[in-house]
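Chain by chain, the residues run as shown.
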Amino acid sequence: IFFSLPLYRFAASTYVQANIAFCLLKKNLLVKSVCVYRSDDLSFALVFVFQKSILFSTATTSSHHDEGGDDKEKISVTFVNKDGTEKTISVPVGMSMLEAAHENDIELEGACEGSLACSTCHVIVMDVKDYNKLEDPTDEENDMLDLAFGLTETSRLGCQVIAKPELDGVRLALPAATRNFAVDGFVPKPH
Amino acid sequence: MLKGREGVRVDIIDRLPTPFGLVRSGVAPDHPETKIVVNQFSRVAANPRCSFFGNVTLGSDLSLSELRKTYDVVVLAYGAESDRSFGIPGEDLRGIHSAREFVWWYNGHPDMCNLAPDLTNTDSAVVLGQGNVALDVARILLRCTTELASTDIADYALDALRSSTIRKVYLVGRRGPVQAACTAKELREILGLKNVNVYIKEADLATSPADKEEMRNSRIKRRVYELLSKAATVHQENNDNDRKELHFVFFRKPTKFLPSEDGSTVGAMELEKTLLKDDGATGKQVAVGTGEFEELKCGIVLKSIGYKSLPIEGLSFDKYRGVVPNLRGRVLSSESETATVEPGLYVVGWLKRGPTGIVATNLHCAEETVDSILEDDRKGLFTDPSGPKRQGRRGLLEILEQKNARYVPFDGWEKIDTKEKADGELKNKPREKITRWNELLEAARE
């Protein structure tokens, strides 16, 4: 989608102004690109090409995701799917694992959207050393873990595990229903 | 289903004008966090490949065989809308209701808006059963109405509870604390109700080796038992008029419902003391009567011993278990070993597994049934080049038009939703539920 603004015969200074405007507009997210078209009779046109569609995502949880901001420390988290495939993502400190999963299209359910009223975001912390770095679950989290499918000794609710620097490199497994998986030889112990 | 196969179109048919099933009609009004899952459901309904048809009843607006001729795949997910009964004398006395009816009543289900349970003829209510539904109804009877006033409870229920004279609620179970079917969150909540004294007999907390074994194998039972033990030792404050009472009654099974003095309603329950015996066959402990009886006065009884599914015409049904016989969600022609798979017919949820489990349980159940459907699809079971091509949504619309059935589409529900929320705002409630059939249909068409 584009439109052009004709600029009629102008003095050289206008050409400079047009250039400055051009540079400023390039930084605008709505505008994909801008170019200056100079026709034979020395008239100029600024041609704007807009983004085809502007998508607003409806995130289920609010996030303070800083696009391109490097001031928030990030840790690496690997999600291991039921079929053994893995996805490693970068998670800012302070974000919950549920939020991080949703932001990265990882299929972790969150039916109650983090309000400790379900167990659908159940994850298994694969390394017991990482599990021990977490604060003990509250009574409320334990009540929900009681109901989780395929509960293990290192199970937690993804909405209650918050990224912190000590968890860099943590591996979280999504529980399998009946299929057992052994990634890196790990087998969850039934609780 | 939408995620699992490209190009699939899914139609959801519900006899109510409102979607979401038990999330709307079963989850208690003071448990709003459990209802957040409707956001997820609404996103599914908003998918262009998914359509909702409310106010369409299987059995009257269309038959199962018509559905199977119209769609490649039919999944029965209609749950359990009936109740188990005791089959003991006096069960049809007035004042005895199933918990399901009572829950539908306070949740504004249009089938129960006229239940009108009498909460003013007595100070004692008996709830038979100790599962989460039993705890729900007990809690709604005991909770301060000022707290209920800001929930989505039905307006007539709030009025009835405000004038309720019920001060004591008895939760009666055949077996002991180790066998109680409730879970920690709900138990913790009811034990923590302000203005309620909780009574548990210490003698009931004695555990046998079999009990200890049950607790060793179940984290849930361990934590429930711990909560009940702690509650038994709490010194009860003197009971002034402000405080209500919750009594946990263990090892008692109902043998008779006795009429009140004027014979019009229930006036008391006859209970038989029980002992636990090991049932060799199942390995579970069962309650066995000891021949010792006692009476418990009450003016209202809520039976919470389990829901039951309803069979329908043309569908195999296991009457004993109350489910549709199936193999990982594929419907079988009967419960015998020689049964065959019914092509294109599947079952999910309580109708498949029996009436237990929470939202998450149904999530996993759905995954299993969808896996079966996708497997059968890959095997080419839904493509029959010799037969006529099934019409799907178009076929459904034709059938409904012929029967003059006016269905409610999802945006009809959205109109109901908007009106309920707007009416709720005026009363500081998340919504004021519309509880009558004709009013629901009117709001859907505005």
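Residues numbered from 1 in each chain as written. Chains lettered and ligands numbered in written order. Predicted model: local features only at pLDDT ≥ 70, side-chain atom pairs only at ≥ 80, totals over all residues. Heavy atoms only, no water.

## Some remarks on the packing of aromatic side chains
Residue and element names in this part refer to chain B.
Line of reasoning, step 1. The tally for this structure, following the rule as stated, stands at 11 aromatic pairs over all chains.
Line of reasoning, step 2. Ring geometry for Phe 20 and Trp 413: centres 5.5 Å apart, planes at 90°, overall edge-to-face. Of this pair, Phe 20 sits in the loop between β1 (10-13) and α1 (22-25) while Trp 413 sits in helix α14 (residues 410-425), and the two are 393 residues apart along the sequence.
Line of reasoning, step 3. Among the residues examined, Phe 20 registers a relative accessible area of 16% and is labelled buried.
Line of reasoning, step 4. Using a relative accessible area of 4% as the deciding quantity, one classes Trp 413 as buried.
Line of reasoning, step 5. Taking 6.0 Å as the distance between ring centres and 40° as the angle between the ring planes, the aromatic pair formed by Trp 105 and Tyr 156 counts as tilted. Of the two residues, Trp 105 sits in helix α4 (residues 99-106) while Tyr 156 sits in helix α7 (residues 155-162), which places them 51 residues apart along the sequence. (Phe/Tyr/Trp six-rings, centres within 6.5 Å; stacked < 30°, edge-to-face > 60°. Helix = DSSP H or I, 4+ residues; strand = E, 2+ residues; numbered from the N terminus. Buried < 20%, exposed > 50% of the residue type's maximum accessible area, 1.4 Å probe, protein only.)

## What to know about the packing of helix α8 (residues 184-191) of chain B against helix α10 (residues 219-233) of chain B
All names here are of chain B.
Line of reasoning, step 1. Across the interface, α8 lies against α10 with an axial gap of 9 Å and an inter-helix angle of 15°. The pairing of α8 with α10 is recorded here as roughly parallel in orientation. Pair α8 / α10 crosses with left-handed handedness. Along the contact surface, α8 presents Ala 184, Leu 187, Arg 188 and Leu 191, while α10 presents Arg 223, Val 224, Leu 227, Leu 228 and Ala 231.
Line of reasoning, step 2. Within the contact of α8 with α10, the residues separate by chemical class into seven nonpolar, no polar and two charged. (Axes fitted to C-alpha atoms, helices over the stretch in contact; angles between N-to-C directions. Parallel < 35°, antiparallel > 145°, perpendicular 65-115°, else oblique. Left-handed = near helix turned anticlockwise from the far one by under 90°. Contact = heavy atoms within 4.5 Å. Nonpolar A, V, L, I, M, F, W, Y, C, P; charged D, E, K, R; others polar.)

## Notes on the pattern of salt bridges
All names here are of chain B.
Line of reasoning, step 1. Scanning all chains against the criterion turns up 47 salt bridges over all chains.
Line of reasoning, step 2. Residue Asp 30 pairs with Arg 143 through a salt bridge whose shortest N-O separation is 2.7 Å. Of this pair, Asp 30 sits in the loop between α1 and α2 (38-46) while Arg 143 is found in the loop between α5 (132-142) and α6 (145-148), placing the two residues 113 residues apart along the sequence.
Line of reasoning, step 3. For Arg 330, the salt bridge is made with Asp 376, and the minimal N-O distance between the two is 3.0 Å. With Arg 330 in strand β16 (residues 330-332) and Asp 376 in helix α12 (residues 359-378), this pair connects stretches of sequence that are 46 residues apart. The pair formed by Arg 330 and Asp 376 is uniform in burial state, with each residue classed as buried.
Line of reasoning, step 4. Bridged by salt links that share partners, the residues Asp 30, Asp 136, Arg 139, Arg 143, Glu 147, Glu 189 and Lys 194 form one connected network. (Salt bridge = Lys/Arg side-chain N within 4 Å of Asp/Glu carboxyl O.)

## Regarding the nonpolar core
When a protein is soluble and globular, its nonpolar side chains tend to lie buried together.
Line of reasoning, step 1. Among the nonpolar cores identified, the biggest contains 54 residues, and B:Tyr106, B:Leu141, B:Val169, B:Leu187, B:Ile200, B:Leu246 and B:Phe248 are the most heavily contacted of them.
Line of reasoning, step 2. For B:Ile200, the contacting residues outside a window of four places in its chain are B:Leu205, B:Leu228, B:Ala231, B:Ala232, B:Phe248 and B:Phe250.
Line of reasoning, step 3. Membership of the second largest hydrophobic core comes to 29 residues, among which are A:Met144, A:Cys159, A:Leu167 and A:Val170. (Core = buried A, V, L, I, M, F, W, Y, C linked by side-chain atoms within 4.5 Å.)

## Details of the pairing of strand β6 (residues 122-125) of chain A
All names here are of chain A.
Line of reasoning, step 1. Burial of β6 is two-sided: the residues His 122 and Ile 124 facing one way and the residues Val 123 and Val 125 facing the other way are all buried.
Line of reasoning, step 2. Pairing of β6 with strand β7 (residues 155-157) involves three bridges; the strand directions are antiparallel. From the neighbouring strand, Val 123 faces β7, where its bridge partner is Arg 156.
Line of reasoning, step 3. As defined by bridge partners, β6 adjoins strand β8 (residues 170-173) across two bridges and the pair is classed as antiparallel. Bridge pairing links Val 125 to Leu 172 in β8. (Pairing = 2+ DSSP bridges.)

## Quick notes on the sheet that holds strand β6 (residues 124-128) of chain B
All names here are of chain B.
Line of reasoning, step 1. Across the sheet, which stays open at both edges, the six strands sit in the order β5-β13-β6-β7-β9-β8 with parallel pairing between neighbours. At either end of the open sheet lies a strand with only one pairing partner, and these are β5 (96-98) and β8 (196-200). When the angles between neighbouring strand axes are averaged without regard to direction, this sheet yields 20°.

## Here's the deal with the domain arrangement of chain B
Residue and element names in this part refer to chain B.
Line of reasoning, step 1. Each assigned domain of chain B is listed here: domain 1 (10-80 + 311-444) and domain 2 (82-307).
Line of reasoning, step 2. Each of domain 1 and domain 2 has a C-alpha centre, and the two are 31 Å apart.
Line of reasoning, step 3. Summing both partners gives a buried area of about 2,300 Å² for domain 1 against domain 2, and 50% of it is carried by carbon and sulfur.
Line of reasoning, step 4. Three residues stand out in domain 1 for area buried against domain 2, namely Pro 29, Asp 30 and Thr 435, and they jointly supply 25% of the buried area on that side.
Line of reasoning, step 5. Counting across the interface, domain 1 meets domain 2 through five salt bridges.
Line of reasoning, step 6. Here Arg 15 makes a salt bridge to Asp 111, at a shortest N to O gap of 2.8 Å.
Line of reasoning, step 7. At the boundary of domain 1 with domain 2, the tally comes to 12 residue pairs in polar contact (both at pLDDT 80 or more).
Line of reasoning, step 8. Going through the elements one at a time, α1 and α15 (437-445) are the ones with two or more residues in the side of domain 1 that touches domain 2.
Line of reasoning, step 9. By residue class, the composition of the side of domain 1 that touches domain 2 is 11 nonpolar, six polar and 11 charged. (Domains from an automatic or database assignment. Buried area = accessible area lost by both parts, 1.4 Å probe. Polar contact = N/O pair within 3.5 Å; in protein donor to acceptor, adjacent residues only side chain to side chain.)

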